[in-house]
Amino acid sequence: QVQLVESGGGDVLAGGSLRLSCAASGYTYNTNCMGWFRQAPGKEREGVAGSHSSGGITFYAESVTGRFTVSQDNAKNTAYLQMNSVKPEDTAKYYCATGFWTDTFCTYKYWGQGTQVTVSS
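Peer 1: Even after reading the chapter, I still don't get the sheet that holds strand S3 (residues 18-26), so can you show me in this structure?
Peer 2: Paired through backbone hydrogen bonds, the strands of a sheet run either parallel or antiparallel to each other. One open sheet accounts for four strands, arranged S1-S3-S8-S7; its pairing is antiparallel. Single-partner strands in this sheet number two, and they are strand S1 (2-7) and strand S7 (68-73). For this sheet, the mean angle separating the axes of adjacent strands, direction not counted, is 20°. By the bridge criterion, six bridges tie S1 to S3 in an arrangement that is antiparallel.

Peer 1: Please explain the side chain of Thr-115 as it appears in this structure.
Peer 2: Looking at where Thr-115 falls in the secondary structure, it is placed in strand S11 (residues 115-120). Overall, Thr-115 belongs to the buried group, its relative accessible area being 10%. Engagement of the side chain of Thr-115 in a polar contact is seen with the backbone nitrogen of Gly-9, the distance being 3.2 Å. Setting aside residues up to four positions removed in sequence, Thr-115 forms contacts with Glu-6, Ser-7, Gly-8, Gly-9, Leu-20, Ala-92, Lys-93 and Tyr-94.

Peer 1: Teacher, can you tell me more about the side chain of Thr-78 here?
Peer 2: When you line up the elements, Thr-78 lands in strand S8 (residues 78-83). Exposure remark for Thr-78: the relative accessible area of 12% places this residue in the buried category. Within the structure, Thr-78 has its side chain in polar contact with the backbone oxygen of Lys-76 (distance 3.0 Å).

Peer 1: Help me out: how do you make sense of the pairing of S8 in this one?
Peer 2: On any regular strand, side chains alternate: one points to one face of the sheet, the next to the other face. For S8, a buried count of five out of six residues is recorded, marking the element as mostly surrounded by other parts of the structure. Pairing analysis gives six bridges linking S3 to S8, with the strands arranged antiparallel. When the sheet's bridge partners are listed, Leu-20 is paired in S8 with Leu-81. Note: S7 against S8, six bridges, orientation antiparallel. Within the sheet, the bridge partner assigned to Val-70 lies in S8 and is Leu-81. Adjacent in sequence and paired antiparallel, S7 and S8 are bridged by four residues, among which Asn-77 carries a positive phi angle near 55°.

Peer 1: What should I look at first to understand the pattern of salt bridges in this one?
Peer 2: Between side chains of opposite charge, a pair can form as their charged atoms come close. Counted under the stated rule, the structure contains three salt bridges. The partner of Glu-46 in a salt bridge is Arg-38, with the nearest N and O atoms 2.9 Å apart. For Glu-46, a relative accessible area of 31% translates into the label partly exposed. The class for Arg-38 is buried, based on a relative accessible area of 6%. Of the charged contacts in the structure, one is a salt bridge between Asp-90 and Arg-67, with a shortest N-O distance of 2.7 Å. Of the two residues, Asp-90 sits in the loop between S8 and strand S9 (92-102) while Arg-67 sits in the loop between strand S6 (58-60) and S7, which places them 23 residues apart along the sequence.

Quick notes on the rules
- Throughout this description, residue numbers start from 1 for each chain and increase along the sequence as written.
- The predicted nature of this model means local features are confined to residues of pLDDT at least 70 and side-chain atom pairs, given and counted, to a pLDDT of 80 or more, with totals for whole chains, interfaces and linings taken over all residues.
- The basis for every side-chain value is the complete set of non-hydrogen atoms in the structure, without hydrogens or water.
- Only strands that DSSP links by at least two bridges are regarded as paired with each other.
- Put simply, DSSP H or I for four residues or longer makes a helix, DSSP E for two residues or longer makes a strand, and each gets a number counted from the N terminus.
- Here the axes come from fitting lines to C-alpha atoms, over the contacting stretch only for helices, and the angles between their N-to-C directions go from 0 to 180 degrees.
- Only protein chains enter the accessibility calculation, which uses a 1.4 Å probe. A residue is then buried if its area is under 20% of the maximum for its type, exposed if over 50%, and partly exposed in between.
- By the criterion applied in these results, polar contacts are pairs of N or O atoms within 3.5 Å in which, for protein atoms, one can donate a hydrogen and the other can accept it, and in which residues neighboring in sequence qualify only through two side-chain atoms.
- Note on definitions: a residue-residue contact is assigned when non-hydrogen atoms from the two residues lie within 4.5 Å.
- We define a salt bridge as a contact between a side-chain nitrogen of Lys or Arg and a carboxyl oxygen of Asp or Glu at a distance within 4 Å.

Read these as spatial facts, not as claims about activity.
Next comes the structure, spelled out in structure tokens:
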């Protein structure tokens, strides 16, 4: 079983920055892709960014391209989402997830509990 714990959320002014962390534990050896998602009240969960463990495949939602960046520290088994130039519409609960790469997409199996990000204008 894999456990994921997000941290780093909070309140930030529009135009500011935050860095979210996703610490993984448990049996993670079989996972080879991960992603960041967000969900605002009354809205569907939205994919924000994702990557393959090799580092060779990365995607970002159009709404965050150029502002958000994913990275990871394999030694710490931790992934990061750097959020720059945040906007009020970025306000949501952010989740990290990990799973298995199949063909051209990641099948997410394990999810964290989320961390709230609130952007004030």
